[in-house]
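As a plain string of letters, each chain reads:
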Amino acid sequence: MAHIVIMGAGLGGMPAAYEMRAALAKEHQVTVVSAVDYFQFVPSNPWVAVGWRKREEVILKVGPLLARKGIGFVPKAVTQIDAEGSKLVLDGGQAGEETLAYDYLVITTGPKLSFDEVPGAGPHGGHTHSVCTVNHAETFWAEYQDFVKNPGPVVIGAMPMASCFGPAYEFAFILDADLRKRKLRNKVPITFVTSEPYIGHLGLGGVGDSKSMLESEMRGHDIKWITNAKTTKVEEGKLFATQLDDQGKELKEHEVPFKMAMMLPAFKGVDAVAAVPKLCNPRGFVIIDEYQRSKAYRNIFSAGVCVAIPPVETTPVPTGAPKTGYMIETMVSAIVHNIDAELKGEKPDTQATWNAICLADMGDTGAAFVALPQIPPRNVNWFKKGKWVHLAKIGFEKYFMRKMKTGNSEPVYEKYVLKALGIVRLANK
């Protein structure tokens, strides 16, 4: 009997647990370890931040859900990974440290939010908000309710070394839509400050006509922008950024006033993962081979935001490559197939596609892009917008939450997103 431990209960960890349990023989044990006892549907956080969703609508208690499928759950933080000894050291609180042995470890922790790379940034003691977690989104919502009584300028965007730009664009347009509904948009100047070299870069070198389409949308919604922006510090009511030219030389210093700010941070690997010798790159992301397996430890696999993927291209202000939901889903499926193969005495042979597919809400419309593969040149390079994306994103949220509640092990992006995109593409021919 083998014990497979999945570290993390998020968009990668929970599907990994369900798919692993469905694929492996019953004699093998599957356990999920997580510092929090709930799953959060992260793509809904921008809606939570403006009050369009409540916390209870986007989180699920995972213990009972996993138990129904015969999957173990340990709601404790991992303080150390003993990769040589194949065991985790857990925070046992007053009882002291505990250990959990594994035969295979699947790391799906997501990232550490590296607010400290920019002085004054972050929701804990800093001056900027985030929509990276449901807790952060709720913090924005709490302040936003006072803000609308006495509105002022807003700054939205992404810090240097950020890799997930989609939520920043989503939030800018969602906030714009909410303010228009409240008839307050005329009182709130919005500035988009991003480390991307141009609007619509998305950490992907652009997808299709994303540059001109997103620039057009931002002009139409009266959102100003600063690109190639190296945010250097944040003070109360002021964001400081150095704008670089295409050669990486200083072009202009900006001091952007704000009453509220939502700036996505750079990501790093979580401490317990980053501390393992030879497991990670200097940023703490897990170095993997083509089978999602650690190059240093053959019984450790990893998927999601916590894996090391090189930037698509060099940019004047450093940017990372995003890991979208479909990409994460294919990583998870590859891991399940490869661990199953090893347990049967076979060689791993399944690789993730690493394609980028995304539905982005824009308040009352939306944008969808498909980059196959993620790194150019691509076989498919497609970017479209329309009301249908807004509706599809709402539908996908319901579909994914239902999958989490029922323990469905089927790939949701293949069943929902690709089907929706396929219908639209046929309609546009």
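Quick note: structure is the one above.
Now for a quick tour of the structure. Starting from 1, residues in each chain are numbered consecutively following that chain's sequence as written. Given that the model is predicted, a residue must reach a pLDDT of at least 70 before its local features are reported, and side-chain atom pairs must reach 80 or more before they are shown or counted; all residues, however, enter totals for whole chains, interfaces and linings. To get the side-chain values, all heavy atoms of the structure are used, and hydrogens and water are removed first.

### Observations regarding the sheet that holds strand β22 (residues 380–385)
To keep it simple, the criterion reads: For two strands to count as paired, DSSP must find a minimum of two bridges between them. Going along the chain from the N terminus, every DSSP run of H or I of four or more residues is numbered as a helix, and every run of E of two or more is numbered as a strand. Inter-axis angles, ranging from 0 to 180 degrees, are taken between N-to-C directions of lines fitted to C-alpha atoms, where helices are fitted over the stretch in contact.
Taken in spatial order, the three strands line up as β20-β21-β22 in an open sheet, and their pairing is antiparallel. This sheet does not close on itself; its edge strands, each paired only once, are β20 (356–361) and β22. Here the average twist between neighbouring strands, direction ignored, is 5 degrees. In the sheet, β20 pairs with strand β21 (residues 366–372) via six bridges, with the strands oriented antiparallel. Note on β21: the bridge partner recorded for cysteine 358 is phenylalanine 369.

### Describing helix α6 (residues 166–181)
Selection criterion: One less than the residue count of a helix, multiplied by 1.5 Å, gives the span that helix is expected to have. When accessible area is computed with a 1.4 Å probe and restricted to protein chains, residues below 20% of their type maximum are described as buried, those above 50% as exposed, and intermediate ones as partly exposed.
For α6, built from 16 residues, the straight-helix expectation of 22 Å at 1.5 Å per residue is met to within 8% by its first-to-last C-alpha distance of 23 Å. By the criterion of burial, α6 is predominantly enclosed, with 12 of the 16 residues buried. Those residues of α6 lying buried are Ala168, Tyr169, Glu170, Phe171, Ala172, Phe173, Ile174, Leu175, Asp176, Ala177, Asp178 and Leu179. Immediately beyond the C-terminal end of α6, within one or two residues, lies lysine 183, with a positive phi of roughly 60 degrees.

### Topic: the packing of helix α1 (residues 13–23) against helix α9 (residues 325–343)
Inclusion rule: Here is the rule for handedness: rotate from the far helix to the near one, and if that takes an anticlockwise turn smaller than a right angle the crossing is left-handed, while a clockwise turn gives right-handed. By definition in these notes, contact holds between two residues if any of their heavy atoms fall within 4.5 Å. Amino acids are sorted into nonpolar (Ala, Val, Leu, Ile, Met, Phe, Trp, Tyr, Cys and Pro), charged (Asp, Glu, Lys and Arg) and polar (every other residue, Gly among them).
Running from amino to carboxyl end, α1 crosses α9 at an angle of 30 degrees, the nearest separation of the two axes being 9 Å. Crossing of α1 over α9 shows right-handed handedness. On the side of α1, the interface is formed by Pro15, Ala16, Glu19, Met20 and Ala23, while α9 contributes Val332, Ser333, Ile335, Val336, His337, Ile339 and Asp340. Among the residues forming the contact of α1 with α9, the class breakdown is eight nonpolar, two polar and two charged.

### Overview of the pattern of salt bridges
So the rule is basically this: The salt bridge definition used is simple: a Lys or Arg side-chain nitrogen within 4 Å of an Asp or Glu carboxyl oxygen.
Evaluated as defined, the whole model comprises 21 salt bridges. A salt bridge links aspartate 37 to lysine 61, with the shortest nitrogen-to-oxygen separation between them at 3.1 Å. Here lysine 61 lies in strand β4 (residues 59–61) and aspartate 37 lies in the loop between β2 (29–33) and β3 (38–40), a separation of 24 residues in the sequence. We classify aspartate 37 as partly exposed; its relative accessible area is 33%. Of the charged contacts, one joins glutamate 255 and lysine 238 as a salt bridge, the two residues approaching to 3.3 Å between their closest N and O atoms. With glutamate 255 in strand β16 (residues 250–257) and lysine 238 in strand β15 (residues 238–244), the pair connects residues that are 17 residues apart, well separated along the chain. Assessed through its relative accessible area of 48%, glutamate 255 is described here as partly exposed. Among the charged side chains, a salt-bridge network with shared partners connects Asp176, Arg180, Arg185 and Asp364.

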